[in-house]
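If you want the building blocks of each chain, they are given just below.
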Amino acid sequence: ERAAEAVALWRQNLTQSPDYLPSRLSLARALERQGQSAAAAQEYTEMVRRKPDYVAARLALAELENKAGRPEAALEQLQQARRLQPKNPLIWEQIGDVEKARGRTAEAQAAWRSALENAPDAPTRRRISRKLRAPGR
């Protein structure tokens with residue numbers, strides 16, 4: 001009940017101030033938690049339309065697109081994010097994950113190698129290294 005009230009308030013805020021990204025981000029996250037992935041994707045799409053350099057919104061949208069069975073749309077968002085932040089290992093890792101799911105092993109490995117080159121810490125390097133060593137790469 002409280003979640004529905006919060007969603008209504010965020011929608012009201014956005015009616016008055018459509019460019020207020022904190023409300024749009026909170027709304028998108030709430031919709032996603034409620035299992036309303038399509039509605040959440042619409043909010044992330046609107047964020048990207050209003051602020052094309054907002055990498056976090058692109059990553060969230062890519063994740064939803066991939067889960068919805070639209071890997072090409074996910075890759076488009078990830079490629080745009082990569083152009084904005086070419087050394088972001090999370091972007092490269094997600095590109096690798098999508099490519100792996102598409103059966104494009106060589107592309108996945110290349111993306112994971114880029115992620116590994118830019119990994120900021122040991123836990124990230126270990127996680128990505130495991131993907132590179134996994135059977136059936």
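Residues numbered from 1 in each chain as written. Predicted model: local features only at pLDDT ≥ 70, side-chain atom pairs only at ≥ 80, totals over all residues. Heavy atoms only, no water.

**Student:** Explain the overall build of the chain to me, please; I cannot follow it from the model alone.
**Tutor:** For the chain, the helix and strand inventory stands at eight helices and zero strands. Burial analysis of the chain (137 residues in total) assigns 39% to the buried set. Taking as baseline every contact in the chain between residues at least 6 positions apart, the subset at least 24 positions apart corresponds to 34%. Element-wise, carbon and sulfur atoms account for 49% of the exposed surface of the chain, whose accessible area totals about 7900 Å². Counting 25 positive and 17 negative side-chain charges, the chain places the averaged centre of each group 5 Å from the other. (Helix = DSSP H or I, 4+ residues; strand = E, 2+ residues; numbered from the N terminus. Buried < 20%, exposed > 50% of the residue type's maximum accessible area, 1.4 Å probe, protein only. Contact = heavy atoms within 4.5 Å. Areas by Shrake-Rupley, 256 points an atom, 1.4 Å probe, with all protein chains shown as cover. Lys, Arg positive; Asp, Glu negative; His and termini not counted. Charge placed at Lys NZ, Arg CZ, Asp CG, Glu CD.)

**Student:** I would appreciate a short explanation of the pattern of salt bridges in the present structure.
**Tutor:** Opposite charge on two side chains permits pairing when their charged atoms draw close. Taken as a whole and judged by the stated rule, the model has 15 salt bridges. Among the ionic pairs, Arg49 bridges to Glu46, the shortest N-O distance being 2.6 Å. Of this pair, Arg49 and Glu46 both sit in helix H3 (residues 37–50), three residues apart, which is roughly one turn of that helix. Take Arg49: its relative accessible area is 55%, and that puts it in the exposed class. Put simply, Lys67 and Glu63 hold a salt bridge, and the shortest N to O gap is 3.1 Å. Highlighted residues: Lys67 and Glu63, both in helix H4 (residues 55–67), separated by four residues, approximately one helical turn. Owing to a relative accessible area of 62%, Lys67 belongs among the exposed residues under this scheme. Judged by its relative accessible area of 36%, Glu63 falls in the partly exposed class. Taken together, the shared-partner salt bridges connect Glu72, Glu99, Arg102, Arg104 and Glu107 into one network. (Salt bridge = Lys/Arg side-chain N within 4 Å of Asp/Glu carboxyl O.)

**Student:** Looking at this structure, how should I read the packing of helix H6 (residues 89–101) against helix H7 (residues 105–117)?
**Tutor:** Angle between the axes and distance between the axes are the two parameters that describe a pair of packed helices. Two elements in contact, H6 and H7, have axes whose closest approach is 8 Å; the angle formed by their N-to-C orientations is 165°. Relative to H7, the element H6 lies roughly antiparallel. Note that H6 runs across H7; the crossing there is left-handed. The residues of H7 that touch H6, namely those facing Pro89, Trp92, Glu93, Ile95, Gly96, Asp97, Glu99 and Lys100, are Glu107, Ala108, Ala111, Trp112, Ser114 and Ala115. By residue class, the composition of the contact of H6 with H7 is seven nonpolar, two polar and five charged. (Axes fitted to C-alpha atoms, helices over the stretch in contact; angles between N-to-C directions. Parallel < 35°, antiparallel > 145°, perpendicular 65-115°, else oblique. Left-handed = near helix turned anticlockwise from the far one by under 90°. Nonpolar A, V, L, I, M, F, W, Y, C, P; charged D, E, K, R; others polar.)

**Student:** Any chance you could explain the confidence of the model for the chain here in plain terms?
**Tutor:** In low-pLDDT regions, the fine details of the predicted coordinates are not to be read closely. Summing up the model confidence of the chain, the mean pLDDT is 94 and the portion of residues at 70 or higher is 97%. At the low end of the mean pLDDT range in the chain sits helix H1 (residues 2–16), at 91; at the high end sits helix H5 (residues 71–84), at 98. (pLDDT = per-residue confidence, 0-100.)

**Student:** What is the right way to read H4 from this model?
**Tutor:** One turn of an α-helix holds 3.6 residues; hence residues three or four places apart share an orientation. For H4, spanning 13 residues, the distance from its first C-alpha to its last is 18 Å, which sits close to the expected 18 Å at 1.5 Å a residue. Those residues of H4 not exposed but buried are Val55, Ala57, Arg58, Leu59, Ala60, Leu61, Ala62, Leu64 and Glu65. In this fold, the buried residues of H4 make contact with helix H2 (21–33), H3, H5 and H6. At the exit of H4 stands Gly69, carrying a positive phi of roughly 85°. (Expected span 1.5 Å × (residues − 1).)

**Student:** Looking at this model, I keep getting lost on the packing of H3 against H4. Mind explaining?
**Tutor:** Relative to each other, H3 and H4 sit at 150°, their axes nearing to 9 Å. With respect to their mutual orientation, H3 and H4 come out roughly antiparallel. The hand of the H3/H4 crossing is left-handed. Touching Ser37, Ala40, Ala41, Tyr44, Thr45, Met47 and Val48 of H3 are Ala57, Arg58, Ala60, Leu61 and Leu64, all from H4. Taken together, the residues of the contact of H3 with H4 sort by class into nine nonpolar, two polar and one charged.

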